[in-house]
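# Notes for the structure review
These are the residues of each chain, in order.
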Amino acid sequence: ALPALLLLGFAQAFSLNFYAIVLFGILLSLVSLFLLFQAMTEDVASKWKWTLLPLLSAFLFAPATLSTYEFEISALADGLFYLGFSFGIWSLLSYPGRLSGILGMLTGGLVASWSLGRGPLCWPVFLFLLFWLGEKKGAAYLLWLLGAILATLPYVYFLVLHPIPGQDQAFLHFPKFVFLA
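This is a predicted model, so every value here is computed, not measured.

## Quick notes on the side chain of Glu135
Of note, Glu135 is situated in the loop between helix 7 (122-132) and helix 8 (138-161). The buried charged residue Glu135 lacks any salt bridge partner; its closest oppositely charged side chain belongs to Lys137, at an N-O distance of 4.8 Å.

## Structural notes on the nonpolar core
Judged by nonpolar contacts, the single largest core of 34 residues is most densely connected at Phe85, Ile89, Leu92, Met105, Trp123, Phe126 and Trp144. Counting only elements with at least two residues in this core, the list comes to helix 2 (18-40), helix 4 (52-60), helix 5 (72-94), helix 6 (99-113), helix 7 and helix 8. Take this core: its biggest share by element is nine residues, from helix 5. Residues within four places of Trp144 in sequence aside, it is in contact with Met105, Trp123, Phe126, Leu127 and Leu130.

## As for the environment of Ala148
Residue position: Ala148 is located in helix 8. Spatially, the C-alpha atoms of Ala148 and Pro124 are 8.9 Å apart, while their sequence positions differ by 24 residues.

## As for the packing of helix 5 against helix 7
Geometrically, a packed helix pair is captured by the angle between its two axes and the distance between the axes. Where helix 5 contacts helix 7, the axes come no closer than 10 Å and their chain directions differ by 10°. In terms of their interaxial angle, helix 5 and helix 7 are classed as roughly parallel. Contacts between helix 5 and helix 7 involve Phe85, Gly88, Ile89, Leu92 and Leu93 from the former and Cys122, Val125, Phe126, Leu129, Leu130 and Trp132 from the latter. Its residues assigned to classes, the contact of helix 5 with helix 7 comprises 10 nonpolar, one polar and no charged.

## What to know about the environment of Ala77
Inspection of the secondary structure assignment puts Ala77 in helix 5. You can call Ala77 buried: its relative accessible area is 8%. Separated by 65 residues in the primary sequence, Ala77 and Gln12 have C-alpha atoms spaced 18 Å apart.

## Here's the deal with the side chain of Thr41
Counting through the fold element by element, Thr41 comes out in the loop between helix 2 and helix 3 (46-49). You can call Thr41 buried: its relative accessible area is 2%. Within the structure, Thr41 has its side chain in polar contact with the backbone oxygen of Phe37 (distance 2.5 Å).

Scoring rules and cut-offs
Residues numbered from 1 in each chain as written. Predicted model: local features only at pLDDT ≥ 70, side-chain atom pairs only at ≥ 80, totals over all residues. Heavy atoms only, no water. Helix = DSSP H or I, 4+ residues; strand = E, 2+ residues; numbered from the N terminus. Buried < 20%, exposed > 50% of the residue type's maximum accessible area, 1.4 Å probe, protein only. Lys, Arg positive; Asp, Glu negative; His and termini not counted. Salt bridge = Lys/Arg side-chain N within 4 Å of Asp/Glu carboxyl O. Core = buried A, V, L, I, M, F, W, Y, C linked by side-chain atoms within 4.5 Å. Contact = heavy atoms within 4.5 Å. Axes fitted to C-alpha atoms, helices over the stretch in contact; angles between N-to-C directions. Parallel < 35°, antiparallel > 145°, perpendicular 65-115°, else oblique. Nonpolar A, V, L, I, M, F, W, Y, C, P; charged D, E, K, R; others polar. Polar contact = N/O pair within 3.5 Å; in protein donor to acceptor, adjacent residues only side chain to side chain.

So yeah, pure geometry; function would need other evidence.
This is the structure in structure tokens:
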């Protein structure tokens with residue numbers, strides 16, 4: 001939903017200029033790269049810190065994902081997903097145990113989830129980070145649960161409760177196994 005709304009804004013502002021949209025998607029991915037870099041290198045010695053940047057950039061700009069930047073909607077969707085996911089990670093690692101870190105996780109997770117189909121997969125990562133950082137407040141886990149529910153509501157509504165007629169829903173049916181004796 002978010003990439004389509006952003007695409008409407010680009011249609012109004014730039015007459016759907018291909019280069020403006022793709023460059024904006026690349027810019028979103030670059031911001032994500034630097035958020036992840038800052039979050040992961042806070043405790044690393046300064047002389048070794050920069051060795052992680054090529055590894056992270058290879059993760060975001062791998063040859064298998066370069067075709068993402070050939071199309072407008074996929075550049076926006078992936079850029080928004082990476083931005084939301086990395087902002088959530090950055091918030092939790094930069095502000096551990098604080099409400100601002102949890103709210104950043106919620107914001108980033110919702111942006112990631114409402115931008116791309118793999119977005120809801122960031123919520124288990126956020127839960128792992130909460131455990132790993134030693135979060136002891138139950139409110140943090142309740143806010144995580146609220147965010148995960150809000151993030152997956154559109155998927156449950158449109159794929160399970162009110163599916164589009166004629167849409168293939170083979171993924172909703174469990175496979176029927178035949179056991180031969």
